[in-house]
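For reference, the chains in residue letters:
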Amino acid sequence: MLPTVAGPIGIFDSGYGGLTVLSAIKSLLPQYDYLYLGDNARAPYGSRSFDTVYQFTREAVEWLFSSGCHLVILACNTASAKALRTIQQRDLPTIDPERRVLGVIRPTTERVAELTNSGHIGVLGTEGTIQSRSYEIEIYKLHPQLTISGEACPMWVPLVENREYDKPGADYFVRQHLEQLMAKDPQIDTIILGCTHYPLLLDKIRQHLPADTNVITQGSYVAESLKDYLSRHQEMDAKCTKGGTVHYYTTDASDKFNQLASIFLREKVDARQIKLEKL
Ligand code: DGL
(Lines give C-alpha, C1' and ligand atoms only; values in the text may rest on other atoms or scores of the structure.)
Protein backbone atom coordinates (compact mmCIF):
# COMPACT_ATOMS: atom_id res chain seq x y z
CA MET A 1 0.00 0.00 0.00
CA LEU A 2 1.45 3.40 -0.99
CA PRO A 3 1.17 6.32 1.45
CA THR A 4 -1.74 8.57 0.46
CA VAL A 5 -0.88 11.69 2.50
CA ALA A 6 0.96 14.57 0.83
CA GLY A 7 4.73 14.12 0.56
CA PRO A 8 7.97 15.50 -0.88
CA ILE A 9 8.80 15.80 -4.58
CA GLY A 10 11.15 12.97 -5.58
CA ILE A 11 14.25 13.72 -7.65
CA PHE A 12 16.09 10.73 -9.09
CA ASP A 13 19.40 10.26 -10.88
CA SER A 14 21.86 7.42 -11.37
CA GLY A 15 24.27 9.34 -9.14
CA TYR A 16 25.39 12.91 -8.52
CA GLY A 17 24.22 14.49 -11.80
CA GLY A 18 20.67 15.11 -10.64
CA LEU A 19 22.03 17.42 -7.96
CA THR A 20 22.56 20.01 -10.73
CA VAL A 21 18.82 19.82 -11.40
CA LEU A 22 17.85 19.72 -7.73
CA SER A 23 19.91 22.83 -7.10
CA ALA A 24 18.06 24.80 -9.81
CA ILE A 25 14.67 23.48 -8.67
CA LYS A 26 15.39 24.35 -5.04
CA SER A 27 16.34 27.91 -5.88
CA LEU A 28 13.21 28.48 -7.99
CA LEU A 29 10.82 26.52 -5.75
CA PRO A 30 12.33 26.65 -2.24
CA GLN A 31 8.99 26.17 -0.49
CA TYR A 32 8.57 22.47 -1.37
CA ASP A 33 10.04 19.41 0.35
CA TYR A 34 12.37 17.24 -1.74
CA LEU A 35 13.66 13.72 -1.53
CA TYR A 36 16.78 13.10 -3.64
CA LEU A 37 17.81 9.58 -4.57
CA GLY A 38 21.12 8.75 -6.29
CA ASP A 39 21.67 5.17 -7.40
CA ASN A 40 25.43 5.66 -7.03
CA ALA A 41 26.08 1.97 -6.41
CA ARG A 42 24.90 1.17 -9.94
CA ALA A 43 26.05 4.35 -11.77
CA PRO A 44 26.80 5.01 -14.52
CA TYR A 45 23.63 4.02 -16.36
CA GLY A 46 24.80 5.50 -19.67
CA SER A 47 26.18 2.37 -21.32
CA ARG A 48 23.65 -0.07 -19.86
CA SER A 49 20.95 -1.81 -21.89
CA PHE A 50 17.42 -0.50 -22.26
CA ASP A 51 16.06 -3.28 -20.00
CA THR A 52 18.58 -2.63 -17.24
CA VAL A 53 18.03 1.16 -17.20
CA TYR A 54 14.28 0.58 -17.19
CA GLN A 55 14.47 -1.96 -14.36
CA PHE A 56 16.75 0.22 -12.18
CA THR A 57 14.66 3.33 -12.81
CA ARG A 58 11.42 1.55 -12.04
CA GLU A 59 12.86 0.30 -8.74
CA ALA A 60 13.90 3.85 -7.86
CA VAL A 61 10.50 5.30 -8.76
CA GLU A 62 8.71 2.65 -6.69
CA TRP A 63 11.00 3.38 -3.74
CA LEU A 64 10.27 7.12 -4.02
CA PHE A 65 6.52 6.45 -4.22
CA SER A 66 6.66 4.18 -1.17
CA SER A 67 8.60 6.95 0.62
CA GLY A 68 5.66 9.31 0.16
CA CYS A 69 6.34 11.08 -3.17
CA HIS A 70 3.37 11.63 -5.50
CA LEU A 71 5.51 13.37 -8.12
CA VAL A 72 8.93 12.16 -9.26
CA ILE A 73 11.35 13.95 -11.60
CA LEU A 74 13.79 11.73 -13.45
CA ALA A 75 16.73 14.16 -13.28
CA CYS A 76 18.61 11.82 -15.58
CA ASN A 77 18.52 11.94 -19.37
CA THR A 78 19.42 8.28 -19.74
CA ALA A 79 16.48 7.23 -17.55
CA SER A 80 14.24 9.82 -19.27
CA ALA A 81 15.25 8.44 -22.68
CA LYS A 82 15.02 4.75 -21.87
CA ALA A 83 12.49 4.29 -19.07
CA LEU A 84 10.15 7.28 -18.79
CA ARG A 85 7.68 6.41 -21.51
CA THR A 86 7.27 2.79 -20.35
CA ILE A 87 6.82 3.88 -16.73
CA GLN A 88 4.29 6.57 -17.70
CA GLN A 89 2.28 4.48 -20.13
CA ARG A 90 2.57 0.91 -18.84
CA ASP A 91 3.45 1.03 -15.14
CA LEU A 92 1.71 4.06 -13.64
CA PRO A 93 -1.82 2.88 -14.48
CA THR A 94 -1.21 -0.23 -12.36
CA ILE A 95 1.06 1.25 -9.65
CA ASP A 96 -1.15 4.32 -9.04
CA PRO A 97 -2.79 6.27 -11.88
CA GLU A 98 -2.77 9.44 -9.74
CA ARG A 99 1.03 9.58 -9.34
CA ARG A 100 3.26 11.26 -11.93
CA VAL A 101 6.79 10.81 -13.27
CA LEU A 102 8.32 13.57 -15.41
CA GLY A 103 11.62 13.69 -17.31
CA VAL A 104 14.22 16.27 -18.32
CA ILE A 105 14.33 15.95 -22.11
CA ARG A 106 11.02 17.61 -23.00
CA PRO A 107 11.61 20.80 -20.93
CA THR A 108 14.97 21.23 -22.69
CA THR A 109 13.76 20.64 -26.23
CA GLU A 110 10.90 23.11 -25.78
CA ARG A 111 13.38 25.95 -25.31
CA VAL A 112 16.18 25.18 -27.72
CA ALA A 113 14.85 26.99 -30.81
CA GLU A 114 14.95 30.39 -29.13
CA LEU A 115 18.73 30.19 -28.70
CA THR A 116 20.11 29.17 -32.07
CA ASN A 117 20.84 31.52 -34.96
CA SER A 118 22.29 28.98 -37.37
CA GLY A 119 19.54 26.39 -36.71
CA HIS A 120 22.25 23.79 -36.07
CA ILE A 121 22.16 22.12 -32.65
CA GLY A 122 24.59 19.72 -31.00
CA VAL A 123 23.57 17.28 -28.28
CA LEU A 124 26.10 15.75 -25.89
CA GLY A 125 24.91 12.81 -23.80
CA THR A 126 25.55 9.28 -22.65
CA GLU A 127 25.63 6.43 -25.15
CA GLY A 128 22.10 5.47 -24.07
CA THR A 129 20.68 8.96 -24.58
CA ILE A 130 22.38 9.53 -27.95
CA GLN A 131 21.53 6.05 -29.31
CA SER A 132 17.88 6.50 -28.29
CA ARG A 133 17.74 9.60 -30.56
CA SER A 134 15.29 11.05 -28.02
CA TYR A 135 16.51 14.61 -28.52
CA GLU A 136 16.19 14.45 -32.32
CA ILE A 137 12.72 12.92 -32.06
CA GLU A 138 11.47 15.51 -29.56
CA ILE A 139 13.09 18.52 -31.26
CA TYR A 140 11.89 17.54 -34.76
CA LYS A 141 8.32 17.27 -33.46
CA LEU A 142 8.44 20.91 -32.39
CA HIS A 143 11.01 22.38 -34.79
CA PRO A 144 11.40 20.28 -37.97
CA GLN A 145 13.60 23.00 -39.52
CA LEU A 146 16.47 22.46 -37.04
CA THR A 147 19.48 20.25 -37.76
CA ILE A 148 20.55 18.06 -34.84
CA SER A 149 23.84 16.17 -34.35
CA GLY A 150 24.57 13.99 -31.35
CA GLU A 151 27.80 12.86 -29.73
CA ALA A 152 28.06 10.24 -26.98
CA CYS A 153 30.65 11.01 -24.30
CA PRO A 154 30.99 7.76 -22.32
CA MET A 155 33.94 8.98 -20.22
CA TRP A 156 32.35 12.15 -18.92
CA VAL A 157 30.05 10.65 -16.25
CA PRO A 158 32.89 8.54 -14.75
CA LEU A 159 34.99 11.74 -14.60
CA VAL A 160 32.29 13.34 -12.47
CA GLU A 161 31.41 10.28 -10.35
CA ASN A 162 35.13 9.80 -9.60
CA ARG A 163 35.74 13.49 -8.86
CA GLU A 164 38.11 13.98 -11.77
CA TYR A 165 35.94 16.60 -13.49
CA ASP A 166 38.17 19.56 -12.58
CA LYS A 167 41.52 17.76 -12.99
CA PRO A 168 43.85 18.30 -16.00
CA GLY A 169 43.21 14.73 -17.23
CA ALA A 170 39.58 15.61 -17.93
CA ASP A 171 40.62 18.10 -20.66
CA TYR A 172 41.62 15.32 -23.02
CA PHE A 173 38.19 13.68 -23.00
CA VAL A 174 36.32 16.97 -23.08
CA ARG A 175 38.28 18.26 -26.09
CA GLN A 176 38.03 14.93 -27.91
CA HIS A 177 34.23 14.82 -27.87
CA LEU A 178 33.74 18.52 -28.62
CA GLU A 179 36.02 18.20 -31.65
CA GLN A 180 34.13 15.12 -32.81
CA LEU A 181 30.80 16.90 -32.42
CA MET A 182 31.93 20.01 -34.30
CA ALA A 183 33.44 17.85 -37.07
CA LYS A 184 29.97 16.35 -37.63
CA ASP A 185 28.48 19.82 -38.21
CA PRO A 186 30.71 22.93 -38.12
CA GLN A 187 27.63 25.18 -38.21
CA ILE A 188 26.54 24.17 -34.69
CA ASP A 189 26.08 27.31 -32.57
CA THR A 190 24.09 25.79 -29.67
CA ILE A 191 25.03 22.72 -27.64
CA ILE A 192 22.69 20.93 -25.24
CA LEU A 193 24.41 19.25 -22.29
CA GLY A 194 22.01 16.32 -22.45
CA CYS A 195 23.27 14.67 -19.28
CA THR A 196 22.74 16.12 -15.84
CA HIS A 197 26.31 15.29 -14.83
CA TYR A 198 27.86 17.48 -17.52
CA PRO A 199 27.32 20.92 -15.90
CA LEU A 200 30.13 19.88 -13.53
CA LEU A 201 32.41 19.95 -16.59
CA LEU A 202 31.04 23.28 -17.82
CA ASP A 203 34.22 25.34 -17.24
CA LYS A 204 36.27 22.89 -19.26
CA ILE A 205 33.61 22.59 -21.96
CA ARG A 206 33.56 26.37 -22.45
CA GLN A 207 37.36 26.51 -22.67
CA HIS A 208 37.28 24.26 -25.72
CA LEU A 209 34.49 26.02 -27.62
CA PRO A 210 34.26 29.38 -29.43
CA ALA A 211 33.10 32.08 -26.97
CA ASP A 212 29.86 32.69 -28.89
CA THR A 213 28.65 29.07 -28.74
CA ASN A 214 25.53 28.69 -26.55
CA VAL A 215 25.92 25.90 -24.04
CA ILE A 216 22.61 24.78 -22.54
CA THR A 217 22.48 23.28 -19.06
CA GLN A 218 19.13 21.82 -18.13
CA GLY A 219 18.59 22.77 -14.49
CA SER A 220 16.80 26.09 -14.95
CA TYR A 221 14.62 24.78 -17.81
CA VAL A 222 13.52 21.77 -15.76
CA ALA A 223 12.84 24.01 -12.76
CA GLU A 224 10.72 26.44 -14.80
CA SER A 225 8.85 23.57 -16.40
CA LEU A 226 8.11 22.06 -12.96
CA LYS A 227 6.85 25.40 -11.69
CA ASP A 228 4.55 25.67 -14.68
CA TYR A 229 3.39 22.06 -14.21
CA LEU A 230 2.50 22.61 -10.54
CA SER A 231 0.62 25.80 -11.33
CA ARG A 232 -1.41 23.98 -14.00
CA HIS A 233 -2.04 20.91 -11.80
CA GLN A 234 -3.39 22.19 -8.50
CA GLU A 235 -4.45 18.65 -7.51
CA MET A 236 -0.79 17.56 -7.65
CA ASP A 237 0.45 20.74 -5.99
CA ALA A 238 -1.83 19.93 -3.04
CA LYS A 239 -0.10 16.54 -2.70
CA CYS A 240 3.38 18.14 -2.44
CA THR A 241 4.30 19.22 1.10
CA LYS A 242 5.80 22.65 1.58
CA GLY A 243 8.32 22.69 4.40
CA GLY A 244 11.49 23.66 2.50
CA THR A 245 13.39 20.48 3.45
CA VAL A 246 15.64 18.21 1.38
CA HIS A 247 16.50 14.64 2.35
CA TYR A 248 19.18 12.73 0.49
CA TYR A 249 19.42 9.00 -0.12
CA THR A 250 22.05 6.98 -1.96
CA THR A 251 22.48 3.31 -2.77
CA ASP A 252 26.24 3.53 -2.08
CA ALA A 253 28.18 4.57 1.02
CA SER A 254 26.67 7.74 2.48
CA ASP A 255 29.98 9.27 3.64
CA LYS A 256 31.28 9.24 0.06
CA PHE A 257 28.02 10.74 -1.21
CA ASN A 258 28.05 13.43 1.49
CA GLN A 259 31.57 14.51 0.62
CA LEU A 260 31.01 15.03 -3.09
CA ALA A 261 27.40 16.23 -2.84
CA SER A 262 28.46 18.88 -0.33
CA ILE A 263 31.04 20.18 -2.82
CA PHE A 264 28.52 20.25 -5.68
CA LEU A 265 25.78 21.94 -3.65
CA ARG A 266 28.04 24.10 -1.47
CA GLU A 267 26.15 23.06 1.65
CA LYS A 268 26.31 20.24 4.16
CA VAL A 269 24.64 17.05 2.94
CA ASP A 270 23.71 14.23 5.28
CA ALA A 271 22.55 11.30 3.17
CA ARG A 272 21.27 7.90 4.21
CA GLN A 273 22.15 4.70 2.43
CA ILE A 274 19.30 2.55 1.14
CA LYS A 275 19.02 -0.64 -0.85
CA LEU A 276 17.02 -0.67 -4.08
CA GLU A 277 15.40 -3.86 -5.09
CA LYS A 278 12.25 -4.98 -6.77
CA LEU A 279 9.42 -4.03 -4.41
N1 DGL B 1 22.91 12.06 -15.16
C2 DGL B 1 22.66 10.96 -16.07
C3 DGL B 1 22.07 11.54 -17.35
O4 DGL B 1 21.56 12.66 -17.35
C5 DGL B 1 23.89 10.16 -16.15
C6 DGL B 1 23.76 8.86 -16.72
C7 DGL B 1 24.75 7.83 -16.31
O8 DGL B 1 24.64 7.35 -15.19
O9 DGL B 1 25.55 7.44 -17.16
O10 DGL B 1 22.06 10.91 -18.38
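Throughout what follows, the structure given in this document is the object of discussion. (Residues numbered from 1 in each chain as written. Predicted model: local features only at pLDDT ≥ 70, side-chain atom pairs only at ≥ 80, totals over all residues. Heavy atoms only, no water.)

**A few points about the sheet that holds strand 4 (residues 100–102)**
Backbone hydrogen bonds hold the strands of a sheet together, and the pairing may be parallel or antiparallel. Reading across from one edge, 4-3-1-2-9-10 is the order of the 6 strands in this open sheet, with parallel pairing throughout. Each having just a single partner strand, strand 4 and strand 10 (272–273) make up the two edges of the open sheet. Where strand 1 (residues 9–13) meets strand 2 (residues 34–38), 5 bridges bridge the pair, whose relative direction is parallel. Its bridge partner being in strand 2, Ile9 is matched across the sheet by Tyr34. The strands touched by helix 1 (residues 18–28) are strand 1, strand 2 and strand 9 (246–250); relative to strand 2, the strand with the most contacts, the crossing angle is about 170 degrees. (Pairing = 2+ DSSP bridges. Helix = DSSP H or I, 4+ residues; strand = E, 2+ residues; numbered from the N terminus. Contact = heavy atoms within 4.5 Å. Axes fitted to C-alpha atoms, helices over the stretch in contact; angles between N-to-C directions.)

**Let's talk about the nonpolar core**
Counting residues in each nonpolar core, the largest one holds 54 residues, and the members touching the most others are Leu19, Trp156 and Leu230. Contact partners of Leu230, with chain neighbours within four places excluded, come to Ile9, Leu29, Tyr32, Leu71, Met236, Asp237 and Cys240. Core analysis: the second largest hydrophobic core is formed by 25 residues, Tyr54, Cys76, Ile87 and Leu276 among them. (Core = buried A, V, L, I, M, F, W, Y, C linked by side-chain atoms within 4.5 Å. Buried < 20%, exposed > 50% of the residue type's maximum accessible area, 1.4 Å probe, protein only.)

**Structural notes on the packing of aromatic side chains**
Considering all chains together, one arrives at 11 aromatic pairs under this definition. Judged by centre distance (5.1 Å) and plane angle (85 degrees), the ring pair of Tyr172 and Phe173 falls under edge-to-face. The exposure class assigned to Phe173 is partly exposed, which follows from its relative accessible area of 22%. Pairwise contacts between aromatic rings join Tyr16, Tyr36, Tyr165, Tyr248, Phe257 and Phe264 into one cluster. (Phe/Tyr/Trp six-rings, centres within 6.5 Å; stacked < 30°, edge-to-face > 60°.)

**Focus on the side chain of Lys204**
In this fold, Lys204 is placed in helix 10 (residues 202–207). Residue classification places Lys204 among the buried residues on the basis of a relative accessible area of 11%. A distance of 3.5 Å separates a polar side-chain atom of Lys204 from the backbone oxygen of Lys167. Look past the residues within four positions of Lys204 in its chain and what remains in contact with it is Tyr165, Asp166, Lys167, Pro168, Ala170, Asp171 and Val174. (Polar contact = N/O pair within 3.5 Å; in protein donor to acceptor, adjacent residues only side chain to side chain.)

**Focus on the site of the ligand**
Taken together, 13 residues form the shell around the ligand, and within it Ser14, Tyr45, Gly46, Thr78 and Thr196 come nearest. Within the backbone of Tyr45, a nitrogen or oxygen atom sits 2.7 Å from an oxygen atom of the ligand. Here an oxygen atom of the ligand and a backbone polar atom of Gly46 are 2.7 Å apart. Calculation on the ligand without its partners gives an accessible area of 300 Å², and the protein chains cover 99% of this total. In terms of residue class, the shell around the ligand is made up of 5 nonpolar, 7 polar and 1 charged. (Near = heavy atom within 4 Å. Areas by Shrake-Rupley, 256 points an atom, 1.4 Å probe, with all protein chains shown as cover. Nonpolar A, V, L, I, M, F, W, Y, C, P; charged D, E, K, R; others polar.)

**Focus on the pattern of salt bridges**
Where charged atoms of side chains with opposite charge meet at close range, the side chains can pair. In the structure shown here, the tally under the stated rule is 18 salt bridges. Asp96 is paired through a salt bridge with Arg99; the nearest N and O atoms lie 2.7 Å apart. Judged by relative accessible area, Asp96 falls into the buried class, the value being 15%. For Arg99, a relative accessible area of 1% translates into the label buried. Between Lys242 and Asp237 there is a salt bridge whose closest N-O contact spans 3.5 Å. Three or more residues are tied together by salt bridges with common partners; here these are Arg58, Glu62, Arg90 and Asp91. (Salt bridge = Lys/Arg side-chain N within 4 Å of Asp/Glu carboxyl O.)

**Overview of helix 9 (residues 169–184)**
Three or more residues of helix 9 are buried, namely Ala170, Asp171, Val174, His177, Leu178, Leu181 and Met182. Buried residues of helix 9, viewed axially, fall in a sector of 150 degrees; they line one side. Along helix 9, the residues that are exposed and aim more than 90 degrees away from the buried face are Glu179 and Ala183. Its buried side turned inward, helix 9 meets strand 5 (120–125), strand 6 (147–152), helix 8 (156–161), strand 7 (190–193) and helix 10. (Arc of directions from axis to C-beta.)

**Looking at the sheet that holds strand 8 (residues 214–216)**
What the 4 strands build is an open sheet, ordered 6-5-7-8; its pairing is parallel. What marks the edges here is a single partner per strand, and that holds for strand 6 and strand 8. Each neighbouring strand pair of the sheet contributes to a mean axis angle of 20 degrees, computed without reference to strand direction. Examined bridge by bridge, strand 5 and strand 6 share 6 bridges and lie parallel to one another. Within strand 6, the residue paired with Val123 across the bridge is Gly150. Set on the sheet, helix 7 (residues 134–142) makes contact with strand 5, strand 6 and strand 7; between it and strand 6 the angle comes to about 165 degrees.

Any functional reading would require information that these geometric values do not contain.
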